[in-house]
There are 4 protein chains.
Amino acid sequence: MGISVQHQRVAVGGIQQDPAQAYASVRTASRSLVDGLSDADATVQSMDDASPVKWHLAHTTWFFETFILLPFAAGYEVFDEHFGFLFNSYYDAVGDRQPRPRRGMLTRPSLTRVLDYRDRVDEAMQLLLRSAASPAVLERIELGIHHEQQHQELLLTDLLHLFAQNPLLPAYRPAPVPVPGPPGVAGAGWHAVPGGIAEVGAGSEGFAFDSERPRHPVLLQPFRLATRPVLNGEWLAFMQDGGYTSPALWLADGWDRALEEGWTAPLYWRARDTEWLTMTLRGLQSVDPGAPVCHVSYFEADAFARWAGKRLPTEFEWERAAANHPVAGNFVDSGRLMPVRPLAADAGFVALFGDVWEWTASDFAPYPRFRPLAGGLGEYNGKFMHGQRVLRGGSCVTPAGHVRASYRNFFQPEKRWQFTGLRLAEDS
Amino acid sequence: MGISVQHQRVAVGGIQQDPAQAYASVRTASRSLVDGLSDADATVQSMDDASPVKWHLAHTTWFFETFILLPFAAGYEVFDEHFGFLFNSYYDAVGDRQPRPRRGMLTRPSLTRVLDYRDRVDEAMQLLLRSAASPAVLERIELGIHHEQQHQELLLTDLLHLFAQNPLLPAYRPAPVPVPGPPGVAGAGWHAVPGGIAEVGAGSEGFAFDSERPRHPVLLQPFRLATRPVLNGEWLAFMQDGGYTSPALWLADGWDRALEEGWTAPLYWRARDTEWLTMTLRGLQSVDPGAPVCHVSYFEADAFARWAGKRLPTEFEWERAAANHPVAGNFVDSGRLMPVRPLAADAGFVALFGDVWEWTASDFAPYPRFRPLAGGLGEYNGKFMHGQRVLRGGSCVTPAGHVRASYRNFFQPEKRWQFTGLRLAEDS
Amino acid sequence: MGISVQHQRVAVGGIQQDPAQAYASVRTASRSLVDGLSDADATVQSMDDASPVKWHLAHTTWFFETFILLPFAAGYEVFDEHFGFLFNSYYDAVGDRQPRPRRGMLTRPSLTRVLDYRDRVDEAMQLLLRSAASPAVLERIELGIHHEQQHQELLLTDLLHLFAQNPLLPAYRPAPVPVPGPPGVAGAGWHAVPGGIAEVGAGSEGFAFDSERPRHPVLLQPFRLATRPVLNGEWLAFMQDGGYTSPALWLADGWDRALEEGWTAPLYWRARDTEWLTMTLRGLQSVDPGAPVCHVSYFEADAFARWAGKRLPTEFEWERAAANHPVAGNFVDSGRLMPVRPLAADAGFVALFGDVWEWTASDFAPYPRFRPLAGGLGEYNGKFMHGQRVLRGGSCVTPAGHVRASYRNFFQPEKRWQFTGLRLAEDS
Amino acid sequence: MGISVQHQRVAVGGIQQDPAQAYASVRTASRSLVDGLSDADATVQSMDDASPVKWHLAHTTWFFETFILLPFAAGYEVFDEHFGFLFNSYYDAVGDRQPRPRRGMLTRPSLTRVLDYRDRVDEAMQLLLRSAASPAVLERIELGIHHEQQHQELLLTDLLHLFAQNPLLPAYRPAPVPVPGPPGVAGAGWHAVPGGIAEVGAGSEGFAFDSERPRHPVLLQPFRLATRPVLNGEWLAFMQDGGYTSPALWLADGWDRALEEGWTAPLYWRARDTEWLTMTLRGLQSVDPGAPVCHVSYFEADAFARWAGKRLPTEFEWERAAANHPVAGNFVDSGRLMPVRPLAADAGFVALFGDVWEWTASDFAPYPRFRPLAGGLGEYNGKFMHGQRVLRGGSCVTPAGHVRASYRNFFQPEKRWQFTGLRLAEDS
């Protein structure tokens, strides 16, 4: 995390903040996500990839307890000796754990007890923060804050998946107020970027995950990046043109997967009469042709790009284009909870940040001279650097201030339940 | 159901009762089973074979709504149009349904709403019962009552499985008061039964499931039946003698299954230091060598019998021996919720009824001239008459009064989560 | 095997024969089955259930070597020390073995070497047979002869499956000479059998497998058995009437399997234009509406019977009806290698023996007081007495003289690659 | 393929050759690989990833027939109309095909008939080659020649896998003559390469696959590459140091796979007493500590590198280091058929080419401005550009002259049956 922690400040959203305040703020935000959810809603696991809401709340708390309170808060006593087993995610160095596909078996502890766990840890954390915490400790807290933000996004993403399995199609939040905007699908423009050597990755100042470092030069060819993401209306044209039935458009692995799982549209779409609807955090909604397409896999994004005669950008092309661009857009804080039709361009780009994570053509690989964090936290990112594609830009369920131009999200190319879309590129 | 319904009475536990009272009594009993359970406890499905607690409560209610209120209660309006889809179990004739392995996705409706559903249906049922219901309607209600009793047992059985998946090993009810009794394992006696033609199956009077009928003669060879079920202490001897590692003792399919699933003891047993413990509805308990062994598959029961130089009885041998024997024992109404050490023999038998379901050597097959119920209810038993073994006698989670000497329970031979044990037989 | 071996004779086809001659005859018959097959044809395994042709030839030889030559032929030296591992089928007591699903990996030893193995064992067997072999040895040889006959049938059955996987649809033998016969589908008659106590199973004289013994009384209700098996023409009517799309006709397990494997017709049928064809040992042939239906599972047979308003007979009903009926019909010795249209009735029955194995409603269970063979051979039948249905009567690839009225074949209810059909029954 | 075809010459092994001679030479080489194999050896498929020997021989022939003779040889008639279905590998544009996992069902056509197919196609090809073939046709023939060389390697690789499944462990060729060499494991040296912009990929002249083009600049950091591959002796040290039991050394996906498949040593190793043996094309041999380790997955190679405190090179680092290095080494033409202990260094490197394919850290991705071949051949490489790692340098079963410094082989990271090893790198 380099020297992000300065003068007893932690960096969140690129801003140096008072640590106690930053901590309280992120914890409160997590807590508010479960408003209106029942104990059962918070307990069930809808598939192996997803985790229960309750588990996210407890795991992020366990993270602070394990990596900060136990080593650094003198006299802290563990809240419940079983929670280490229950809420460790994947840290082999820390010990055994509940197998991931069985996280949904935990009807006990209840949501209430998990919230008690949070209160108890928050109390101890505030005590620690009020003491003169060392930069090393503050760095870990800073990491814990960003870790919790990641799980806020996952919590909502996993909850949508759960509700989409229920024939009642429950809405997490009320139906949206219609967003005014141009009808139909506007053409995308192209933003030309010259080739040459570009610096990518996070510099040594400010917070960034280990996988974003070190900053290093890459050599780029000249290219053009679309000014906006691909929209639902364009996706419908792809579908109508046989996009899901033409193997020539697809990677071989993608085609196999599409057949196996019977893909014919984005994950949550369903046809009713002549209309396409989509399940959202605000219940079943009409598909808006002017909004960015969401919940498509890398394989689908790649096939779409081939159909369009374009390609996906590499992560470095994306980062090069996004550098110096303000990190603003439709994040979770907008309260929309779904991608919305692009309204205005900023410096030539629409929705570069927010709305949907954008699949890139890049394998999630270590940067030259990458060094994982020391100790157990070294498992944070490094051991997942295989078989995943980098995504950039954040989504409508990402906390504002969480992402950066250098931020690297990553998922396996067949996954569809994240808020994932795409933006096209081409050689120039 | 023949002529079980007489003079406006329904038969439960072999006794003609007032229908409204009988209905209210069984419904109240179901309701009391969820005391102390959370919404989450009632929602999660621990495996494909098991159903959520909430689902059992709703499905039995749907049964009354679908098969009695809708056809027979004038003006009854369905409580929720979605519930037919959600809570149909397997009646193809009634319509589509939530796939069985996905019953645990239903965090909505909540437990509270399911209890409301019960209240509403109970109200309409009482109204119908207070009118002069026809014998045909009373017969269906009688079936619904027995159906609900079956699900009371399944509810507890499935709940134990769920709690056993939780590393916290929660107890459904407090630890038991120790049962006094003889220490160690007493030898079993043998009850000789002469051969000849015996009548088996339910006669035309009183309630019985279609699969118990018609009553018909069978030809038996002389045999002996053990006076008590096999005990934990005997099972330990089997284990110590290599019972789980000697293929010669096992059916080929059983041996394959044992290897595949790594069986080394009954389902819920776990070794701690030198002691064997077992998960129960009353939490983790010591294995009592004097109590009947429970949660073993047919394959294990069959291997044990071969090891002991005996065999399992056929279902007709069992029924012949049990005929005229009082239907008394450790049922759910005893409140013990687990098999206990046999104390006293009755007419030469100990625990013939209650404690554990006893695997028999018999395939679950239709009786000669078997006729399934008419209409949708014809799917109740008939279509499962394949690949299952008959069990007899009821268990410690069976409602008192639910079983009879002619009662046929059935499960696939590899299943272990039911309260299943065995009693030995031999040729004489 | 009781006292089948008398005066130095062995029983094959119900006739007491000179053992050396009987041995030579069955071994020559096996050898002639591979005429025209290549080394590759004899080596490939088309699925886990099937074995390579070469494996059948070697395994039957290993049986004589292991159970007769090694214990009883002084000075016999094992042909190849590896063959015990390669060609043991399932005798745990004998030792480890090549896993069944990997029998097709054995491109070595070649077919030629397996034939050498046969020659060498035959030579030693003839030497032993020319000496005064004890009755105990003769009994084992007799078992080995019947065992080899079973594998002759399996060899052809498995070969048909292999050739059916090949898009070239190779014919094992040339296309058949047309069999004259009545056009269309003749109605079946019904043969009434009175109820009462009947003796079933093999008596103590003559050869029979252990599973056919002991002979014992059973109690039957009066019933009627169809005079002929179900024909292809009738099966087509079942198909046209929605037989494969009506869950109400099916056992629950059968319906699940039918959906899972996409059953829409008997195993080897395929539609071409408006015609149904079927793969046979004589290549692709038109489906003859007047010939018995073949290659259907128990689940399909059971659904057909329900559709027809009838039922399958129990194995004891079948045996009772077949007793005293001559064991004649279309066996492998007819050279037809496929079921043919029934021509003439004999004592009221057509094709009771031969053409197709007939599924019965009976679970393959031990007879009262069943005792498996002693030693390793005790694994011959007993350990498979679970999850299988009994079939009766033999097929067009069964060696003449191999079956009896008491003969019990058995397969899992979902299997379709055997030459299996059905005959209807009804209560009278 | 750019302008590799000049003056009626094709490039094989970097040399411009007479096309007819080059064609004859590669076809004869394939033919000689089956010397000593039986029809059965050539027919069986040992796993989904592998193909039968016969299939390789037929598929390469189908390639010439489909892509050259049918479009360009006037009057050519297809040898067998079924072969298009049987021997198409994965060209969706060409038509339907035998599913890959069922290639081993084809006992017909026989090996002999496949050889006849080869003769007939060779005859037609020579006729075409003697005419004045256009450069476009010559380019396709050139591709067909390199395609056939790829399948020569696969044929031997797949055959070894098949023979390794056979408990007899048959040897394809006689045991090797011992290679003299230094005892023990010599330390590796390091070859330093400066950073900067390097040109990688194949230029426009000479033959190369589409995936090697276009040549383009990449930016490299300074690094060091080991002078020799990792040796068996070093791998033993890794094993003894807990390499296969330490999750911290592994990528998460790799660790899961290692547990799932029970990896404890390279694929064909087996322990006998205190010695390690390995299955090879020359039968079971002692593991030579001085020879390069072979048959390890990317996941194992990556874990080894982490254990050694080094890393795998990227494909561009490898190519940069190998540029201008002579393409010489232990290829299939040496007749050794297994990796051997390195003897002499050349220009600082030992066994850079030949012996074992070397895993690199690079995802198999398209080069900037990559264009697949036109038409059906566009499926040759492009659609596999996902989920695979690049390997460099060729192996002991690669035909001499087939590889280049720019040659990119690729396999999924869990595959072990190819002749795959590794060479370490480090930052400098």
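In this text, all values refer to a predicted model and were calculated from it rather than measured experimentally.

A. Molecular detail of the state of the cysteines. Residues and elements named next belong to chain A. Summed over the entire model, instances satisfying the criterion amount to zero disulfides over all chains. The thiol sulfur of Cys-396 is not disulfide-bonded, and the nearest other cysteine sulfur, from Cys-294, lies at 5.8 Å. By relative accessible area, Cys-396 is classed as buried at 0%.

B. Expanded view of the relation of the copies chain D and chain A. Its rotation angle being 180°, the transformation that places chain D on chain A also includes 0.0 Å of axial translation and leaves an RMSD of 0.0 Å. Accordingly, the operation relating the two chain copies is best matched by a two-fold axis. Interface overlap between copies is the fraction of interface residues in one copy that are interface residues in the other; for chain D against chain A it reaches 100%, indicating a shared surface.

C. Structural view of the side chain of Gln-152 of chain B. Residue and element names in this part refer to chain B. Topologically, Gln-152 is positioned in helix H5 (residues 135–165). A polar side-chain atom of Gln-152 sits 2.9 Å from a polar atom in the side chain of Ser-30. Contact partners of Gln-152, with chain neighbours within four places excluded, come to Val-26, Ala-29, Ser-30, Leu-33 and Pro-399.

D. Focus on unusual backbone geometry. Cis geometry is found at the peptide bond from Arg-213 of chain B to Pro-214 of chain B, where omega equals -5°. Structurally, Pro-214 of chain B is set in the loop between strand E4 (196–200) and strand E5 (216–220). Geometrically, the link from Arg-108 of chain C to Pro-109 of chain C is a cis peptide bond, its omega value of 0° lying close to zero. Along the polypeptide, Pro-109 of chain C turns up in the loop between helix H3 (83–87) and helix H4 (111–130). For Asn-324 of chain B, which is not glycine, the phi torsion reads 70° and is therefore positive.

E. The arrangement of the environment of Leu-352 of chain D in detail. Residues and elements named next belong to chain D. Relative to the helices and strands, Leu-352 is located in the loop between strand E10 (329–330) and strand E11 (353–354). The exposure class of Leu-352 is buried, given its relative accessible area of 2%. Sequence separation between Leu-352 and Lys-54 is 298 residues; the distance between their C-alpha atoms is 32 Å. Beyond its immediate stretch of four places on either side in the chain, Leu-352 contacts Trp-318, Ala-322, His-325, Glu-358, Gly-393 and Arg-423.

F. Molecular detail of the interface of chain D and chain A. Contacts between chain D and chain A engage 27 residues on the former and 27 residues on the latter. Buried surface at the junction of chain D and chain A, both sides included, amounts to about 2,300 Å², of which 52% is carbon and sulfur. Of all residues in chain D, the largest losses of buried area upon contact with chain A belong to Leu-219, Arg-369 and His-386 of chain D, amounting jointly to 28% of the total for that side. The interface formed by chain D and chain A includes four salt bridges. When the shortest N-O distance is used, the salt bridge between Arg-389 of chain A and Asp-363 of chain D registers 3.1 Å. The interface formed by chain D and chain A includes 10 residue pairs in polar contact (both at pLDDT 80 or more). Breaking the side of chain D that touches chain A down by element, the ones donating at least two residues are strand E5 (216–220) and helix H7 (252–261) of chain D. No other element matches the three residues that E5 of chain D contributes to the side of chain D that touches chain A.

G. The sheet that holds strand E14 (residues 409–411) of chain C, seen in detail. Within the open sheet, the four strands sit side by side as E14-E13-E12-E15 (chain C). Their pairing is mixed. Edge positions in the sheet fall to E14 and strand E15 (420–421) of chain C, since each has one partner strand and no second.

H. Summary view of the interface of chain A and chain B. With 28 residues of chain A at the interface, the matching set in chain B holds 28 residues. Here chain A and chain B share an interface that buries about 2,200 Å² over both sides, 60% of which is from carbon and sulfur atoms. When the buried surface of chain A facing chain B is broken down by residue, Met-105, Arg-108 and Leu-168 of chain A rank first, second and third, together holding 29% of it. Here chain A is connected to chain B by two salt bridges. For Asp-41 of chain A, the salt bridge goes to Arg-108 of chain B, with nearest N and O atoms at 2.7 Å. Taken together, the connections running from chain A to chain B amount to eight residue pairs in polar contact (both at pLDDT 80 or more). Only helix H3 (83–87) and helix H5 (135–165) of chain A provide two or more residues apiece to the side of chain A that touches chain B. Per-element accounting of the side of chain A that touches chain B gives the leading share, three residues, to H5 of chain A.

I. How the structure looks around the arrangement of the chains. With no contact between them, chain A and chain C keep their nearest C-alpha atoms 14 Å apart. Regarding chain B and chain D, the two do not touch, and the least distance separating their C-alpha atoms is 14 Å.

J. Just the sheet that holds strand E7 (residues 269–272) of chain A, in detail. All names here are of chain A. If you walk across this open sheet you meet the three strands as E7-E8-E9, and the pairing is antiparallel. The open sheet has two edge strands with one neighbour each: E7 and strand E9 (283–286). Strand-to-strand, the axes of this sheet are offset by a mean angle of 35°, without reference to chain direction. Where strand E8 (residues 275–280) meets E9, four bridges bridge the pair, whose relative direction is antiparallel. Within the sheet, the bridge partner assigned to Met-279 lies in E9 and is Leu-284. Packing against the sheet, helix H6 (residues 232–240) makes contact with E7 and E8, and its axis sits at approximately 70° to E7.

K. Inspection of helix H2 (residues 53–72) of chain C at higher detail. All names here are of chain C. With 20 residues, H2 should cover 28 Å at 1.5 Å per step; its first-to-last C-alpha distance of 28 Å lies within 8% of that length. Its axis deflected by about 35° at Glu-65, H2 carries its strongest bend there. Taking burial as the measure, the 20 residues of H2 include 17 buried ones, the bulk of the element.

L. Structural view of the confidence of the model for chain A. Mean pLDDT over chain A: 93, with 95% of residues reaching 70 or higher. Scoring of the predicted complex yields 0.95 for pTM and 0.93 for ipTM.

M. View of the pairing of strand E8 (residues 275–280) of chain B. Residue and element names in this part refer to chain B. Across four bridges, the pairing between strand E7 (residues 269–272) and E8 is antiparallel. The residue bridging Arg-272 from the neighbouring strand is Glu-275, located in E8. As consecutive antiparallel partners, E7 and E8 are separated by two residues, and within that stretch Asp-273 has a phi angle of approximately 55°, a positive value. Following E8, the chain reverses through two residues before pairing antiparallel with strand E9 (residues 283–286).

Conventions we followed
Residues numbered from 1 in each chain as written. Chains lettered and ligands numbered in written order. Predicted model: local features only at pLDDT ≥ 70, side-chain atom pairs only at ≥ 80, totals over all residues. Heavy atoms only, no water. Disulfide = S-S within 2.5 Å. Buried < 20%, exposed > 50% of the residue type's maximum accessible area, 1.4 Å probe, protein only. Least-squares fit on C-alpha atoms with pLDDT ≥ 70 in both. Contact = heavy atoms within 4.5 Å. Helix = DSSP H or I, 4+ residues; strand = E, 2+ residues; numbered from the N terminus. Polar contact = N/O pair within 3.5 Å; in protein donor to acceptor, adjacent residues only side chain to side chain. Buried area = accessible area lost by both parts, 1.4 Å probe. Salt bridge = Lys/Arg side-chain N within 4 Å of Asp/Glu carboxyl O. Pairing = 2+ DSSP bridges. Axes fitted to C-alpha atoms, helices over the stretch in contact; angles between N-to-C directions. Expected span 1.5 Å × (residues − 1). Bend = angle between axes of the 7 residues up to and from the residue. pLDDT = per-residue confidence, 0-100.

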